[in-house]
Protein chains: 2
Amino acid sequence: MIRDERFALKGNIIYAADREKLTICEQSWLVCEDQKIEGVYQELPERFRELPKMDYGDRILIPGLVDLHIHAPQYAFRGMGMDLELLDWLDAHTFPEEARYENLSYAKRAYQIFADHLRAGATTRACVFATIHRESTILLMDLLEKAGLNAMVGKVNMDRNSPNRLRETAKESEQETIQWIKEVQARGYQNVRPILTPRFIPSCTDDLMHALKSIQVSYDLPVQSHLSENPGEVAWVQELCPQAEFYGDAYDRLGLFGRDCKTIMAHCVYSGDREIERIKENGVFIAHCPESNINLSSGVAPVRRFLNEGLRVGLGSDVAAGSTSNLFYAMACAIRASKMRWRLQDDSEKCLTIPEVFYLATKGGGAFWGNTGSFEKGYEADIVVLDDQRLVCPNKLDVRQRLERIIYLADEREVYAKFAAGKQIF
Amino acid sequence: MIRDERFALKGNIIYAADREKLTICEQSWLVCEDQKIEGVYQELPERFRELPKMDYGDRILIPGLVDLHIHAPQYAFRGMGMDLELLDWLDAHTFPEEARYENLSYAKRAYQIFADHLRAGATTRACVFATIHRESTILLMDLLEKAGLNAMVGKVNMDRNSPNRLRETAKESEQETIQWIKEVQARGYQNVRPILTPRFIPSCTDDLMHALKSIQVSYDLPVQSHLSENPGEVAWVQELCPQAEFYGDAYDRLGLFGRDCKTIMAHCVYSGDREIERIKENGVFIAHCPESNINLSSGVAPVRRFLNEGLRVGLGSDVAAGSTSNLFYAMACAIRASKMRWRLQDDSEKCLTIPEVFYLATKGGGAFWGNTGSFEKGYEADIVVLDDQRLVCPNKLDVRQRLERIIYLADEREVYAKFAAGKQIF
């Protein structure tokens, strides 16, 4: 284990500085200092010769993967109950499970599993939904902090259209949120930060949203929510907010849609022209969650268009509408979903490529943290070392082919070592 | 290890006698004799009390899974090169790899990996494409026999529209096929059998097909091939066989499409009304390969319609257009593909359910062997014991929920023990 501020790692280095091209440096050195990437070198320069070094041999080094959208309490029912569409699925599976997190001992058991699994995989950063419960949300943050993961975690806000046990009043929700933020501040986490998390328009009254906007401004917090995932949901929002031009406009009128407020919106499967334009204008991040969108029969987001228009896009596993937190799987799903969109819906939009999905899962989502998700100089030193021996092949593969195979076939078994913000997790 | 002809296994037993319903017998006994299922009992009857017994505790026992379509030589490049559609993909990736199997030492190295991985997973039966090479096809059969798997394996036939190194003359192809069958007969395999394997219409002249039909009749062999996978392929077949009413009719005119000749056709994504009717009339089996059909941007087969019309359908992994031989994954993909078809193409066709995909992967495909893929009395004793401890959950799940989670999340790590035709493999 490396415990120094400066170190050098050797292996086959891959990153995507832009979305069209992988940068591959075989048998090269990655130098890190002060939690940042200092540089990539074919030969280790003289001035770094004394650094602590680790030679990972033929293994592959990639930036840590970034999950822009995952629900920690839903991890308990991953791989189950996906025979419904969004709104029915929330009622039948999600809300009953989330209600359990009022119980701290249950939350501890369940969140420990979540934190252990996230730690074991290739994810170094994640934007995480908890539940409405302040105490168990803090417990989750403690566990993620201890796991060394750079997570933004949100206590969920809901004051309408949800079962009694998961419904706060606007006032309670506001007070609990403020208390949660204060408690988080007092804890002095190094890795974990709070993010405001109104579940989505249907579960939040305007009163609550106004209160959250004040909190957002007072504490300068980022925001995460859901947008245009499912046709039934989109129609419902239209009913609930007749004055809004489109779903995203309902958030924007409340000041919770980018601009001065750093925002991630998950899904955007049904974002139309005006919504896409607003997302772009306001600098909102999109969490593309392809597996979830397939499992809940939502559809396939127009990611090619997002990319063409220069929108900010990353990937989300969206457990438990996505079955796994494995972001390699999310990358493969993003390619597959784009192929189904091309074949069945719109053949003017080219399918996603390997470099593109790798970019989305690293630098694309990493941008929400700033300079994260790449091995360019000054980027956060989030590094995953992959050992792909299990994926045995009778032929000699080049490093690019090995990455492609990792995207389709790897899971936590391939994660050999992992660093987040310059600290080795294992 | 059980080495007896008669034995009893205890655990949580699941099978699908019909496609709408899982039969679940918790903490029950599965009695096998003479390689067949004798029965399932809540309490072990007196007359079986002296049998060798194994209590698998809380583990789950399911019928061995059946892969109706997999290409052994393509296993080498699984998870790579899926950025092309079928015909270009064959030229760019498949044919160059298949040409290598002329070299026996390469074939041995590559096929050993394939056989080891198939053995480790939940598959007990498979219909396997090899290459045109007689010797390496026999080597593959030796390895699968040794692995204890019940495979039907085909030396591929191709005498047109393929690269020189993979093109036989019709005469050579006929002679090699006859010699291959004779050599196979001489080997006296217990588990492995030959299946005639004309690659598909575009690679086989009528002369070759007529010769194969004579061989089929002389040796009473089953047949496997490809049908209506991709629009470009379908159009090409129409050009090549202007006299055929539809793609499947081209096979049928040659006597290689069901009726007296047991046939599996992989894909059927673009089968129209008349083709579906002929498939039904002739009793042709369909190998539904959902992952492959997505990866090669082919589309989604109308499986709901196949089932409604009572067609015989099983699942195929179709490695390497499918990335994995894991049939749990193929089941989950079949559900997902049906959801995309429902959402993007035809919302009159209901999505596939968990019992349905489980049925397809067991009894549906198993029917190609006769009474296989179920725990009804007289069925072949193909049994897989699953240990799902790794898929840890904070809640107590019932056996049905555990199966659902296995379908979405399991791989070879969950396969704890495995029997094919009454013989324990591990």
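Parameters at a glance
- What you see as residue numbers is a count from 1 along each chain, following the sequence as written.
- Chains and ligands are labelled by the order in which they are written, letters from A for the one and numbers from 1 for the other.
- At least 70 in pLDDT is required for a residue's local features to be given in this predicted model, at least 80 for side-chain atom pairs to be given and counted, and no such filter applies to totals for whole chains, interfaces and linings, which use all residues.
- Each side-chain value is worked out from all heavy atoms of the structure, with water and hydrogens disregarded.
- A helix here means a DSSP run of H or I that spans at least four residues, while a strand means a run of E at least two residues long, and both kinds are numbered starting from the N terminus.
- Just to be clear, the radius of gyration here is over C-alpha atoms, and the globule rule we use is 2.2 Å times residues to the power 0.38.
- Each residue is placed in one exposure class: buried if its accessible area under a 1.4 Å probe, protein chains only, is under 20% of its type's maximum, exposed if it is over 50%, and partly exposed if it falls in between.
- Whether two residues touch is decided by their heavy atoms; if any such pair falls within 4.5 Å, the residues are in contact.
- We count Lys and Arg on the positive side and Asp and Glu on the negative side, and we leave His and both chain ends out.
- Here the site of a charge means atom NZ of a Lys, CZ of an Arg, CG of an Asp or CD of a Glu.
- The term buried area refers to how much accessible surface (probe radius 1.4 Å) is lost by two components on association, counted for both of them together.
- Each reported salt bridge corresponds to a side-chain nitrogen of Lys or Arg within 4 Å of a carboxyl oxygen of Asp or Glu.
- Two N or O atoms form a polar contact when they lie within 3.5 Å of each other; inside protein one atom must be a possible hydrogen donor and the other a possible acceptor, and for residues adjacent in sequence the pair counts only when both atoms belong to side chains.
- The copies were overlaid with a least-squares fit restricted to C-alpha atoms from residues scoring a pLDDT of at least 70 in each copy.
- Stacked, tilted and edge-to-face are the three classes applied to pairs of Phe, Tyr and Trp rings, where Trp contributes its six-membered ring and a pair requires centres within 6.5 Å; stacked means planes under 30 degrees apart, edge-to-face means over 60, and tilted covers the rest.
- The rule for pairing is simple: two strands pair if DSSP sees at least two bridges between them.
- Interaxial angle, 0 to 180 degrees, is taken between N-to-C directions of lines fitted to C-alpha atoms, where a helix line uses only the stretch in contact.
- It is the rotation of the near helix from the far one that decides the hand of a crossing: anticlockwise by less than a right angle makes it left-handed, clockwise makes it right-handed.
- Residues are grouped as follows: Ala, Val, Leu, Ile, Met, Phe, Trp, Tyr, Cys and Pro are nonpolar; Asp, Glu, Lys and Arg are charged; all remaining types, including Gly, are polar.
- Values of pLDDT, which run from 0 to 100, indicate the predictor's confidence residue by residue.
- By convention, orient the strands away from the viewer: a clockwise path from the first strand over the helix to the second makes the crossover right-handed.
- Here the word oblique covers every angle except those under 35 degrees (roughly parallel), over 145 (roughly antiparallel) and from 65 to 115 (roughly perpendicular).

1. Topic: the overall build of chain A
Stage number 1. Across its full length, chain A carries 13 helices and 17 strands.
Stage number 2. By the compact-globule yardstick of 22 Å for 426 residues, chain A fits well, its C-alpha radius of gyration being 21 Å.
Stage number 3. Overall, the C-alpha framework of chain A stretches about 65 × 50 × 40 Å when taken along its three principal axes.
Stage number 4. Looking at chain A residue by residue over its 426 residues, the buried ones come to 67%.
Stage number 5. Within chain A, counting contacts between residues at least 6 apart in sequence, those at least 24 apart form 75% of the total.
Stage number 6. Averaging the positions of the 52 positive and the 62 negative side-chain charges in chain A gives two centres separated by 4 Å.

2. Comments concerning the interface of chain A and chain B
Stage number 1. With 53 residues of chain A at the contact, the number on the chain B side is 53 residues.
Stage number 2. Three residues stand out in chain A for area buried against chain B, namely A:R343, A:L344 and A:P394, and they jointly supply 15% of the buried area on that side.
Stage number 3. At the boundary of chain A and chain B, one finds ten salt bridges.
Stage number 4. The partner of B:R413 in a salt bridge is A:E412, and the shortest N-O contact between them spans 3.0 Å.
Stage number 5. Between the two partners, chain A and chain B, sit 34 residue pairs in polar contact (both at pLDDT 80 or more).
Stage number 6. Looking at the side of chain A that touches chain B, the elements with two or more residues in it are helix 2 (104-120), helix 9 (290-295), helix 11 (327-344) and helix 13 (399-409) of chain A.
Stage number 7. The dominant element in the side of chain A that touches chain B, judged by the number of residues it contributes, is helix 11 of chain A, at eight residues.

3. Describing the relation of the copies chain A and chain B
Stage number 1. Superposing chain A onto chain B takes a rotation of 180° combined with a translation of 0.0 Å along the rotation axis, leaving an RMSD of 0.0 Å. Considering both components of the superposition, the chain copies are consistent with a two-fold axis. When C-alpha distances to the rotation axis are compared across chain A, the minimum falls at A:L344, with a value of 3.0 Å.
Stage number 2. Residue by residue, 100% of the interface of chain A is reproduced at the interface of chain B, so both copies engage with the same surface.

4. A closer look at the pattern of salt bridges
Stage number 1. This structure, assessed with the given rule, holds 80 salt bridges over all chains.
Stage number 2. In this structure, the salt-bridge partner of B:R341 is B:E349, at a minimum N-O distance of 2.8 Å.
Stage number 3. Judged by its relative accessible area of 11%, B:R341 is buried.
Stage number 4. What emerges from the salt-bridge pattern is a single network uniting A:R390, A:D411, A:E412, A:R413, A:E414, B:R390, B:D411, B:E412, B:R413 and B:E414.

5. Things to note about the packing of aromatic side chains
Stage number 1. Scanning the entire structure with this criterion turns up 25 aromatic pairs over all chains.
Stage number 2. Geometrically, the ring pair formed by B:Y41 and B:F48 is tilted, given 5.7 Å between the ring centres and 45° between the ring planes.
Stage number 3. Taking relative accessible area as the criterion, B:Y41 reaches 19% and is therefore assigned buried.
Stage number 4. By relative accessible area, B:F48 is classed as buried at 3%.
Stage number 5. Their ring planes at 70° and their centres at 5.7 Å tell us that B:Y75 and B:F114 sit as a pair that is edge-to-face. A residue pair is termed long-range when its members are at least 10 positions apart, and B:Y75 in the loop between strand 5 (65-71) and helix 1 (86-99) and B:F114 in helix 2 (residues 104-120) qualify at 39 residues.
Stage number 6. For B:Y75, a relative accessible area of 6% gives the class buried.
Stage number 7. The exposure class of B:F114 is buried, given its relative accessible area of 1%.
Stage number 8. The structure contains a cluster of three or more aromatic residues connected by ring pairs, namely A:Y101, A:Y106 and A:Y111.

6. What about the sheet that holds strand 7 (residues 150-154) of chain B?
Stage number 1. What the four strands build is an open sheet, ordered 5-6-7-9 (chain B); its pairing is parallel. Bordering the open sheet on either side are strand 5 and strand 9 (193-194) of chain B, each of which pairs with just one other strand.

7. Remarks on the packing of helix 12 (residues 354-366) of chain B against helix 13 (residues 399-409) of chain B
Residue and element names in this part refer to chain B.
Stage number 1. One can describe the packing of helix 12 onto helix 13 by two numbers: an axis separation of 11 Å at closest approach and a directional angle of 65°. Where helix 12 crosses over helix 13, the handedness of that crossing is left-handed. Taken together, the residues of helix 13 that come into contact with helix 12 (itself represented by I354, P355 and F358) are R400, L403, E404, I407 and Y408.
Stage number 2. Tallied by class, residues from the contact of helix 12 with helix 13 come to six nonpolar, no polar and two charged.

8. Quick word on the side chain of B:K10
Residue and element names in this part refer to chain B.
Stage number 1. Examined against the element boundaries, K10 turns out to sit in strand 1 (residues 6-18).
Stage number 2. Buried and unpaired, K10 has no salt bridge, with D55 as the nearest side chain of opposite charge at 4.5 Å.
Stage number 3. In this view, K10 contacts Q27, S28, W29, M54, D55, Y56, G57 and L61; residues no more than four positions away in its chain are not counted.

9. With respect to the sheet that holds strand 15 (residues 383-386) of chain B
Residue and element names in this part refer to chain B.
Stage number 1. Sheet architecture is open: seven strands sit in the order 3-2-1-4-15-16-17, paired in mixed fashion. Whereas interior strands pair on both sides, the edge strands pair on one side only; in this sheet they are strand 3 (36-41) and strand 17 (423-424).
Stage number 2. As paired strands, strand 1 and strand 2 (residues 21-33) are joined by ten bridges and run antiparallel to one another. Within strand 2, the residue paired with I13 across the bridge is C25.
Stage number 3. Against the sheet, helix 13 makes contact with strand 1, strand 2, strand 4 (53-63) and strand 15, and its axis sits at roughly 60° relative to strand 4, the strand it touches most.

10. Describing the confidence of the model for chain A
Stage number 1. Of all residues in chain A, 100% attain a pLDDT of 70 or more, and the chain-wide mean is 97.
Stage number 2. Scoring of the predicted complex yields 0.98 for pTM and 0.97 for ipTM.

11. Details of the environment of B:F200
Residues and elements named next belong to chain B.
Stage number 1. Relative to the helices and strands, F200 resides in the loop between strand 10 (197-198) and helix 5 (206-219).
Stage number 2. Residues F200 and E233, 33 residues apart in the sequence, show an inter-C-alpha distance of 9.8 Å.
Stage number 3. For F200, the residues in contact, after removing those within four places along its chain, are L87, L90, S225, H226, E233, Y247 and Y251.

12. Some points on unusual backbone geometry
Only a minority of non-glycine residues have a phi that is not negative, and only a minority of peptide bonds are not trans.
Stage number 1. The omega torsion of the bond from A:V319 to A:A320 falls at 10°, within 30 degrees of zero and hence cis.
Stage number 2. Along the chain, A:A320 turns up in the loop between strand 14 (312-315) and helix 11.

13. Considerations on the pairing of strand 7 (residues 150-154) of chain A
Residue and element names in this part refer to chain A.
Stage number 1. Burial within strand 7 is extensive, with five of its five residues counted as buried.
Stage number 2. Going residue by residue along strand 7, you find N150, M152 and G154 tucked away on one face and A151 and V153 tucked away on the opposite face as well.
Stage number 3. The pairing of strand 6 (residues 123-129) with strand 7 spans five bridges and is parallel. For C127, the partnering residue across the bridge sits in strand 7 and is M152.
Stage number 4. Chirality of the crossover, the property in question, places the unit of strand 6, helix 3 (residues 134-147) and strand 7 among those that are right-handed.
Stage number 5. Looking at chain direction, strand 7 and strand 9 (residues 193-194) are connected through two bridges and run parallel.

14. Overview of helix 13 of chain A
Stage number 1. A large share of helix 13 of chain A lies buried, amounting to nine of its eleven residues.
Stage number 2. Regarding helix 13 of chain A, its N-cap is A:D398, as a side-chain oxygen of that residue lies 3.2 Å from the backbone nitrogen of A:R400 further along.

15. A word on the environment of B:H288
Residues and elements named next belong to chain B.
Stage number 1. Position of H288 among the secondary structure elements: in strand 13 (residues 285-288).
Stage number 2. Under the relative-accessibility criterion, H288 is labelled buried at 1%.
Stage number 3. Separated by 19 residues in the primary sequence, H288 and V269 place their C-alpha atoms 8.5 Å from one another.
Stage number 4. Filtering out sequence-adjacent residues up to four positions away, H288 remains in contact with N293, A301, V303, V313, G314, L315, G316 and A334.

16. Examining the side chain of B:N326
Residue and element names in this part refer to chain B.
Stage number 1. With respect to the secondary-structure elements, N326 resides in the loop between strand 14 (312-315) and helix 11 (327-344).
Stage number 2. Assessed through its relative accessible area of 18%, N326 is described here as buried.
Stage number 3. At 2.9 Å, the side chain of N326 and the backbone nitrogen of F328 are in polar contact.
Stage number 4. Here N326 is in contact with A410 and D411, once residues within four sequence places are set aside.

17. A few points about the packing of helix 2 of chain B against helix 3 (residues 134-147) of chain B
Residue and element names in this part refer to chain B.
Stage number 1. It is at 9 Å that the axes of helix 2 and helix 3 come closest, and there the two elements cross at 30°. When the interaxial angle is binned, helix 2 and helix 3 end up roughly parallel. Note on packing geometry: the crossing formed by helix 2 with helix 3 is right-handed. Residue-level inspection shows L104, A107, K108, Y111, Q112, F114, A115, L118 and R119 of helix 2 in contact with helix 3, the latter providing E135, S136, L139, L140, L143, L144 and A147.

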